[in-house]
Amino acid sequence: MINVAVFMGKIIKDDEFLQNIRYVEICQDYHQNDGKIKKDLIPVMNWNKLNKGELFTFSEGSLLLIKGRLEYYNGKFVVVCESLSYLGKEQIWKLLKSF
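Residues numbered from 1 in each chain as written. Predicted model: local features only at pLDDT ≥ 70, side-chain atom pairs only at ≥ 80, totals over all residues. Heavy atoms only, no water.

A. Molecular detail of the overall build of the chain. Helices and strands together make up the secondary structure of the chain, namely 1 helix and 5 strands. Taken from N to C terminus, the helices and strands of the chain fall in the order β-β-β-β-β-α. A separation threshold of at least 6 residues defines the contact pool for the chain, and within that pool the share at least 24 residues apart is 55%. For the chain, the computed accessible surface area is about 6700 Å², with 56% contributed by carbon and sulfur atoms. (Helix = DSSP H or I, 4+ residues; strand = E, 2+ residues; numbered from the N terminus. Contact = heavy atoms within 4.5 Å. Areas by Shrake-Rupley, 256 points an atom, 1.4 Å probe, with all protein chains shown as cover.)

If you want it as structure tokens, here you go:
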């Protein structure tokens, strides 16, 4: 069984209840009927103790490329981050949204 999630998004906020989860906002490729782009919030958590703080070293608004797997954790589905790449700050995000 293949369980791989790869996406690019902007860090939005931390989880209020779980300290090891951050939310990443991704934009879908198409416009809705009202002309707006739909945005989804994906909960992401680190994958092991060695790099536990790596996801939290980036500030809100940072653009990341995340590769991970989907798991059920504390009553909800989260993406467990296996690798991530820093792509920049919000200026790149605005450029990508214009396409």
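B. Spatial organisation of the sheet that holds strand 4 (residues 63-73). Read around the closed barrel, the 5 strands follow the order 1-2-3-5-4; overall the barrel is mixed. The sheet shows a mean angle of 55 degrees between the axes of neighbouring strands, direction not considered. Pairing of strand 1 (residues 5-14) with strand 4, which is carried by 6 bridges, proceeds in the antiparallel orientation. Bridge pairing links glycine 9 to leucine 64 in strand 4. (Pairing = 2+ DSSP bridges. Axes fitted to C-alpha atoms, helices over the stretch in contact; angles between N-to-C directions.)

C. Representation of the pattern of salt bridges within the structure. Summed over the entire model, instances satisfying the criterion amount to 3 salt bridges. Where lysine 10 meets glutamate 25, a salt bridge forms, and the shortest distance between an N and an O atom there is 3.7 Å. Taken together, the residues lysine 10 in strand 1 and glutamate 25 in strand 2 (residues 21-31) connect sequence positions 15 residues apart. There is no split in this pair, since lysine 10 and glutamate 25 are both buried. Sharing partners across several salt bridges, the network here consists of Arg69, Glu71 and Glu82. (Salt bridge = Lys/Arg side-chain N within 4 Å of Asp/Glu carboxyl O. Buried < 20%, exposed > 50% of the residue type's maximum accessible area, 1.4 Å probe, protein only.)

D. Main features of the nonpolar core. Grouped together as the largest cluster of nonpolar side chains are 14 residues, with contacts concentrated most on Phe7, Val44, Leu64, Ile66 and Leu84. Listed by contribution, the elements that provide at least two residues to this core are strand 1, strand 2, strand 3 (37-45), strand 4 and strand 5 (76-88). The residues touching isoleucine 66, leaving out its near neighbours within four places in the chain, are Ala5, Val6, Phe7, Val24, Val44, Cys81, Ser83 and Leu84. (Core = buried A, V, L, I, M, F, W, Y, C linked by side-chain atoms within 4.5 Å.)

E. The arrangement of the packing of aromatic side chains in detail. Enumeration according to the criterion identifies 2 aromatic pairs in this entry. Between phenylalanine 58 and tyrosine 86 the ring centres are 5.2 Å apart and the planes differ by 5 degrees, which places this aromatic pair in the stacked class. One end of the pair, phenylalanine 58, is in the loop between strand 3 and strand 4; the other, tyrosine 86, is in strand 5, and 28 residues separate them in sequence. Taking relative accessible area as the criterion, tyrosine 86 reaches 42% and is therefore assigned partly exposed. (Phe/Tyr/Trp six-rings, centres within 6.5 Å; stacked < 30°, edge-to-face > 60°.)

That's the geometry; what it means functionally is another story.
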